[in-house]
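Residues per chain, in single letters:
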Amino acid sequence: MKKFIIALIVIVATQTAVAQENKGTFSGGFESNAQWYQDDDAIGVNAPQDQSRSNNYFSLRYSYDKFTAGIQYELFAPNALLGYSPSFTGNAIGTYYLNFKHKGLDITGGHFYDQFGSGLIYRSWEDRQLGIDNSIRGVRINYAFNEYLTATAFTGNQREAFEISEGTVTGLNAELDLSTALDIETGIQIGASYVNRYQQYTGPNLNFPADVGAYSGRADLSFKNFFIGTEYVFKEADAFVLDGLISNTNLQEGRALLINAGYAIKGLGINATFRTLENMTFYSDREAAGNTFLLNTINYVPGYSKQQDYAVSNIYVYAPQTAVVPLEGKAGEIGGQIDLYYTAKKGSTIGGKYGTKFELNYANWSGLDAEFDLANETYEASLFSRGEKYFEEYSIAIKKRFSKNFSTIFTSIHTEYNGDIIEGKDFYLKGNSFIFDGLYKLNKGRSIRMDLQHLSADADRGNWAAATAEYAFSPFLSMYVTDLYNYDVTNIHYYSVGGSYTKGRTRVAVNYGRQRGGLVCVGGVCRFVPENTGLTLNISTNF
Amino acid sequence: MKKLLFIVVLFSFTFAKAQTALPEISLKDLNGKEVSLASISEDKTVVVSLWATWCVPCMRELDTIADVYEDMQEEINFELIAISVDDSRSTRRVKPAVMGKGWEYTVLLDPNNDVRRHLGNPNVPLTLIIKNGAIVYRHSSFTPGAEDELFDKFKEIAGE
């Protein structure tokens, strides 16, 4: 706390002094997510020991000339919200940095966020909803040699709640823009990276590597309306860890291939992603492998499926399976998705007066076809084989405006979900959902939105229905009431009511209700949240 | 609790002094060309919207404005620059989405969320009006009708 106060005084004093010369700029934000938990017999949950909990983040950033400095102070009072790592407790400065930028040079000391390529080899980022902040504390240097060649080097330890990781992460990256270098129309970018994790090992096994390196190469091409990109990552053999226990009789290599291609013209856009990977978990602490709170993750392996917008379509969401788990027959996964956006022109039969928008998505994921020799703790798997189906989904959304004031979205989804693989529960589910969403705009910024949702499923908890009504009093103030009802098996209503007020830089939201337990996925990365009931208050402001 | 109070007091102090501009960095547009953020509002007023393909209200806002974009360009010189904060998972979806929807905006990519962090990690959608490099109006969230408020503000600010 003392350090924090001193840091703030210094920053504020400097800022005050400099403000008169009007050279510095100052920005920051404050976010507080608080919840008061209740006992709720209907869903069989008791409030946790600390009944009211909150996650608070306060960040300050100050730039002056070529320098930028920032800190983020975090307070988990008295403990973090349910579903977050319990290591987030108390208060401290979470991240701090000093950055210098001049011409092509960009140097950061302290915590930094970055990614190489798609992140398949390395990515550090912050997501407060997921409770992730795997920034690296160390030194990062980025240098642009000229218009087409850029290189990055960094080394440091990864943030692990308020501590840092035991392992040191070092990375090198180079990006070359060939189209600029050769002055050609066709876009060609290539890149290569090396990322190393160094962690001393003092146990009995002499073969145990302290250094584990990963190499990646990638190329992106674009010509006219087409684009295609590919990335390959190879990770050196690392210890085999399951549930925090090292079983190091066999070290294993990992590999991944990502291909992305697309076509876009006005009114039509298509994007296809294919990815296959084997044993691609990469942690800054070998014993953290597979931890549920996503701590110490060096690389980013998101689930590529459509991010669904509604309650019933978010119950069975694919979570990527990157780890090797012999007893479950998992060695990796293979699959992909196709996205299509199409706009039927205004005035055409389908387009009507305002044009009709279509969004289609197809996603399919399976395990690699792996053969495990449990006795010798080895396995064989090909990167281009398909084993058990994990997930499949077809979805279509049609967005249609009927008049200046009335527009609708119709969504239909067919989902196949392997509950055994994704959640470790004994079911394989096929489900169909239909969702109707209507929006009516009144005058003076007032509007009404309603949706009706239904999911019929043949396994697990069966059928669900949901409805939402939302009323905006103005662009600044809105209220909603929603209910997600499992009428088939549990007869539980997950109701919620709330409102939010937004003005300029500040937003305040209040909700009361029941939260369905399960995976909360943001950007293809999932976190488990236990079922709970209570009152939440979210405040955020930026300046 | 004391700490919280302390933060609030301190925060209100700094708030009064705060002044903001977009960071002086370059982002890539959909053709891979670098665009400097410092140059986008040189001697003019523009709207910058931070959005993502996975954000429903963002898509609503940009779809709604797209319906009347040409008219507003003519009537009040309205110009919108849409900065996508889609990360590496969904950044590949941006171009197909923008083209498929037929949006006429200048679209920039911020896959590492540098701009977003510079602005204090706000929720999206975040809509800014920027005049000669300075952020003069800021609104987050979108409900239907908010676009009219935005056009009014834009007209007022651009006309000053």
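Residues numbered from 1 in each chain as written. Chains lettered and ligands numbered in written order. Predicted model: local features only at pLDDT ≥ 70, side-chain atom pairs only at ≥ 80, totals over all residues.

J.: Even after reading the chapter, I still don't get the interface of chain A and chain B, so can you show me in this structure?
T.: Contact with chain A, which involves 62 residues of that partner, is made by 45 residues of chain B. It is strand S1 (residues 24-37) of chain A that provides the largest number of residues to the side of chain A that touches chain B, a total of 6 residues. Residues of the side of chain A that touches chain B, tallied by class, amount to 22 nonpolar, 29 polar and 11 charged. (Contact = placed C-beta atoms within 7 Å. Helix = DSSP H or I, 4+ residues; strand = E, 2+ residues; numbered from the N terminus. Nonpolar A, V, L, I, M, F, W, Y, C, P; charged D, E, K, R; others polar.)

J.: I would appreciate a short explanation of unusual backbone geometry in the present structure.
T.: Of note, the amide linkage connecting Ala77 of chain A to Pro78 of chain A takes the cis form, showing an omega dihedral of -15°. Within the fold, Pro78 of chain A resides in strand S3 (residues 67-79). For the peptide bond that leads from Val124 of chain B to Pro125 of chain B, omega is 0°, which places it in the cis range. Its place among the elements puts Pro125 of chain B in the loop between helix H4 (114-118) and strand S6 (126-131). Phi at Asn279 of chain A takes a positive value of approximately 45°, unusual for a residue other than glycine. As for its placement among the helices and strands, Asn279 of chain A is situated in the loop between strand S19 (268-278) and strand S20 (332-344). For Asp43 of chain B, which is not glycine, the phi dihedral falls at a positive 55°. Residue placement: Asp43 of chain B occurs in the loop between strand S2 (34-36) and strand S3 (45-51). Look at Asp43 of chain B and you get exposed, because 7 C-beta atoms sit within 10 Å. (Buried ≥ 20, exposed ≤ 12 C-beta atoms within 10 Å, placed from the backbone.)

J.: Mind showing me how you'd approach the nonpolar core here?
T.: One recurring pattern in soluble globular proteins: nonpolar side chains tend to sit buried together. Ranked by internal contacts, the top residues of the largest apolar core, which has 39 residues, are Trp51, Ile83 and Val124 of chain B. Of all the elements in the fold, those that place two or more residues in this core are S3, helix H2 (56-76), strand S4 (80-84), helix H3 (91-101), strand S5 (106-109), S6 and helix H5 (146-159) of chain B. (Core = buried A, V, L, I, M, F, W, Y, C linked by C-beta atoms within 7 Å.)

J.: Even after reading the chapter, I still don't get the confidence of the model for chain A, so can you show me in this structure?
T.: Any region with low pLDDT has predicted coordinates that should not be read closely. All names here are of chain A. Mean pLDDT for chain A: 90, with 95% of residues reaching 70 or above. Within chain A, no element has a lower average pLDDT than helix H1 (residues 2-19), which sits at 53, and none a higher one than strand S10 (residues 136-144), at 97. Below a pLDDT of 50 lies the segment residues 17-21, which in the model reaches 5 contacts outside its immediate sequence neighbourhood of four places, other chains included. (pLDDT = per-residue confidence, 0-100.)

J.: I keep staring at H3 of chain B and nothing clicks. Help me out?
T.: Each α-helix winds once per 3.6 residues, and so residues spaced three or four apart point in a common direction. Residue and element names in this part refer to chain B. Of all 11 residues in H3, 11 are buried, a share of seventy percent or more. Among the residues of H3, those classed as buried are Thr91, Arg92, Arg93, Val94, Lys95, Pro96, Ala97, Val98, Met99, Gly100 and Lys101. Just beyond H3, the residue with positive phi is Gly102, at close to 70°.

J.: Help me understand the environment of Glu253 of chain A, please; the structure alone is not making it clear to me.
T.: Residue and element names in this part refer to chain A. For Glu253, the position within the fold is in strand S18 (residues 252-265). In the structure, Glu253 is positioned 109 residues away from Ala144 in sequence and 33 Å away in space, judged by C-alpha atoms. Apart from residues no more than four positions distant in its own chain, Glu253 is found in contact with Lys235, Glu236, Ala237 and Asn279.

J.: Is there a simple way to think about H5 of chain B in this case?
T.: Residue and element names in this part refer to chain B. End to end, H5 covers 20 Å across 14 residues, agreeing with the expected 20 Å (1.5 Å per residue, within 8%). Among the residues of H5, Ala146, Glu147, Leu150 and Phe154 are the ones counted as buried. Down the axis of H5, the buried set is contained in an arc of 95°. They therefore lie on one face. Counted as exposed and oriented over 90 degrees from the buried face of H5: Asp152, Glu156 and Gly159. Looking at the buried positions of H5, the neighbouring elements they touch are S3, H2, S6 and strand S7 (134-140). (Expected span 1.5 Å × (residues − 1). Arc of directions from axis to C-beta.)

J.: Explain the sheet that holds S5 of chain B here, please?
T.: The pairing of strands in a sheet comes from backbone hydrogen bonds and takes either a parallel or an antiparallel form. Residues and elements named next belong to chain B. Read across the sheet, 7 strands follow the order S2-S1-S5-S4-S3-S6-S7 without closing on themselves; strand pairing throughout is mixed. Single-partner strands in this sheet number two, and they are S2 and S7. Geometrically, the sheet is characterised by an average inter-axis angle of 35° between neighbouring strands, direction not taken into account. Pairing analysis gives 6 bridges linking S3 to S6, with the strands arranged antiparallel. Within S6, the residue paired with Leu50 across the bridge is Leu126. The sheet strands contacting H2 are S3 and S4, and the helix crosses S3 at an angle near 145°. (Pairing = 2+ DSSP bridges. Axes fitted to C-alpha atoms, helices over the stretch in contact; angles between N-to-C directions.)

J.: Would you mind showing me how to read the pairing of strand S11 (residues 149-160) of chain A here?
T.: A regular strand places its side chains on the two faces of the sheet in alternate fashion. All names here are of chain A. Where S10 and S11 come together, 9 bridges link them in antiparallel fashion. Its bridge partner lying in S11, Val139 is registered against Thr155. Where S11 and strand S12 (residues 163-177) come together, 11 bridges link them in antiparallel fashion. Across the sheet, residue Thr150 finds its bridge partner in S12, namely Glu175. With antiparallel pairing between neighbouring strands as the criterion, S11 and S12 make up a hairpin whose turn holds 2 residues, including Ala161 at a positive phi of roughly 55°.

J.: Looking at this structure, how should I read the environment of Phe100 of chain A?
T.: Along the chain, Phe100 of chain A falls in strand S4 (residues 89-102). In sequence terms Phe100 of chain A and Asp65 of chain A are 35 residues apart; their C-alpha atoms lie 9.1 Å from each other.

J.: Sorry if this is basic, but what is going on with the pairing of S3 of chain A here?
T.: Residue and element names in this part refer to chain A. Sheet analysis places strand S2 (residues 52-64) next to S3, joined by 11 bridges and oriented antiparallel. Across the sheet, the residue bridging to Ser63 is Thr68, located in S3. The hairpin formed by S2 and S3 contains 2 residues between the paired strands, and Asp65 there has a positive phi angle of roughly 55°. One ladder, built from 11 bridges, connects S3 with S4; its direction is antiparallel. In the sheet register, Gly70 faces S4, and the bridge partner there is Tyr97.

J.: Whenever I open this one, the confidence of the model for chain B confuses me. Can you help?
T.: All names here are of chain B. Residues with a pLDDT of 70 or more make up 88% of chain B, whose mean pLDDT is 84. Residue range residues 12-19 is modelled with pLDDT below 50. Its contacts to residues more than four positions away, or to other chains, number 13 contacts. The ipTM value of the predicted complex is 0.80, and its pTM value is 0.89.

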